[in-house]
Amino acid sequence: MTQGDGEKTAVVIEDDADVRHMLADVLEAAGFSTISVGNGIDGVRAVETYQPLVTTLDVNLPGIDGYEAARRIRARSSTYIIMLTGQTEETDVVMGLAAGADDFIAKPFRPRELRARIEAMLRRPRSGAGGAGAASDTAGGYGGTGSTAPKQDAVGPSFPTRAGAGAQTGTVSVVAIAAAAADAIARGTGAEADDAEELIVLGSQLREASLAESWLTHRDLALEPDMRIARIGDREIDLTRTEFDLLAALLESKRRVRSKADLALVLRGESYVTTYFVGDADKRAIEAHMTNLRRKLGDEPTNPRYIETVRGVGYPLTSVL
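None of these values were measured; they are calculated from a predicted model. The numbers attached to residues start from 1 for each chain and follow its sequence in the written order. Restriction of local features to residues with pLDDT of at least 70 applies here, the model being predicted, together with a cutoff of 80 or more for giving and counting side-chain atom pairs; totals for whole chains, interfaces and linings are based on all residues. Side-chain figures throughout are based on the complete set of non-hydrogen atoms in the structure, without hydrogens or water.

A. Structural detail: the overall build of the chain. A tally of helices and strands in the chain yields 10 helices and 13 strands. With a 1.4 Å probe rolled over the protein chains alone, any residue whose accessible area is under 20% of its type maximum counts as buried; one over 50% counts as exposed, and the rest are partly exposed. When burial is assessed residue by residue, the chain has 41% of its 321 residues classed as buried. The contact criterion used throughout is that any non-hydrogen atoms of two residues lie within 4.5 Å. Put simply, 59% of the contacts in the chain that link residues at least 6 apart link residues at least 24 apart. Looking at the chain as shown, the accessible area adds up to about 16300 Å², and 51% of this sits on carbon and sulfur atoms. Only DSSP runs of H or I reaching four residues or more are called helices, and only runs of E reaching two or more are called strands; each is numbered from the N terminus. Where accessible areas are quoted, they stem from the Shrake-Rupley method and a 1.4 Å probe; at the residue level, only the protein chains shown are allowed to cover.

This is the structure in structure tokens:
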């Protein structure tokens, strides 16, 4: 969906649930459809998936901080970024703007001021896309300026896939190299044939590198999300869809603890929406699925090799040290 379609999307990246809800309320009152996340890594993924018009970004986030998140977002999207923080030193503002932010607001903020700043920011013309992966459309007269606004795709609560534009690059390169090699072999021998052999070797190496990047790994456990393959060493593991999705979420999060409620939302495809209710039955279902998953992995809860339990909190991967 593009800006001309009349629907505006915003991503809220904020670890404080109360502030996150307040930001979502302000943005929805301003006509935005919102996607809310609680950490920097999920925030970058949400922006890449939804290509929002506006992104609000807290500085102090679990995982990667707001500055690093802003740099990664700017490399993927031309979304307008507003950074929010309780730190008001000049160096903090400079660092935020240098990382790619369009505006900087100190906490506590007033909702009306935030909305006014967003409206003022959207009236500014965009000089160009923010990064290699950014896409933008000309919003016919958007905000009365005819400025270029960030592109938006379809919105709605869903768990984003890992595949993106960048994931196809290696495959395209391999295909091109293979075609060139076949053409060179068909045309003649000698130096051309030697070059073709080099192209075939290079294509094989690129193919292996491309496949290696798509796998999620931990110790000898490996998972390929797109082909839905899970392995321990050379042995393939037979997992249900639910078990596979749980394992993929944990492998992507690595040592970050995923709560039972968080995993329940992942399975429901609502991981980026903070207003859904997760009941005790949902959490017990996650416990049952985790028990079955661990059994298939041969993982002992008392001495786990792959998945730990943080009592009363959730599940991270084990340390590899």
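B. Up close: the packing of helix H2 (residues 40–50) against helix H3 (residues 66–76). In this analysis, axes come from line fits to C-alpha atoms, helices being fitted only over the stretch in contact, and the angle between any two N-to-C directions falls in the range 0 to 180 degrees. Between H2 and H3, whose axes approach to 10 Å, the crossing angle comes to 15°. Classified by the angle their axes make, H2 and H3 are roughly parallel. Considering the relative orientation of H2 and H3, their crossing is right-handed. Touching Gly 40, Val 44, Val 47 and Glu 48 of H2 are Ala 69, Arg 72, Ile 73 and Arg 76, all from H3. Looking at side-chain class alone, the contact of H2 with H3 contains 4 nonpolar, 1 polar and 3 charged residues. If an angle is under 35 degrees, it is roughly parallel; if it is over 145, roughly antiparallel; if it lies from 65 to 115, roughly perpendicular; otherwise it is oblique. Helix crossings fall into two classes, left-handed where the near helix is turned counterclockwise from the far one by less than a right angle and right-handed where it is turned clockwise. Here the term charged refers only to Asp, Glu, Lys and Arg, the term nonpolar to Ala, Val, Leu, Ile, Met, Phe, Trp, Tyr, Cys and Pro, and the term polar to all other amino acids, Gly among them.

C. Highlighting the pairing of strand S10 (residues 229–232). Two strands pair if DSSP finds at least two bridges between them. Relative to S10, strand S9 (residues 221–224) is paired through 4 bridges, and the arrangement is antiparallel. In the strand pairing of S10, Glu 224 is matched with Ile 229. Linking S9 to S10, which pair antiparallel, is a turn of 4 residues; within it Arg 228 sits at a positive phi near 60°. Looking at chain direction, S10 and strand S11 (residues 235–236) are connected through 2 bridges and run antiparallel. Paired with Ile 232 across the strands is Arg 235, a residue of S11.

D. Seen up close, the sheet that holds strand S2 (residues 32–37). On the basis of which strands lie adjacent, the open sheet formed by 5 strands has the order S2-S1-S3-S4-S5 and parallel pairing. In this open sheet, the two edge strands, each paired with only one partner strand, are S2 and strand S5 (103–106). Across the sheet, the axes of successive neighbouring strands diverge by a mean angle of 20°, strand direction being ignored. Sheet analysis places strand S4 (residues 80–85) next to S5, joined by 4 bridges and oriented parallel. Bridging across to S5, Leu 84 finds its partner in Ile 105.

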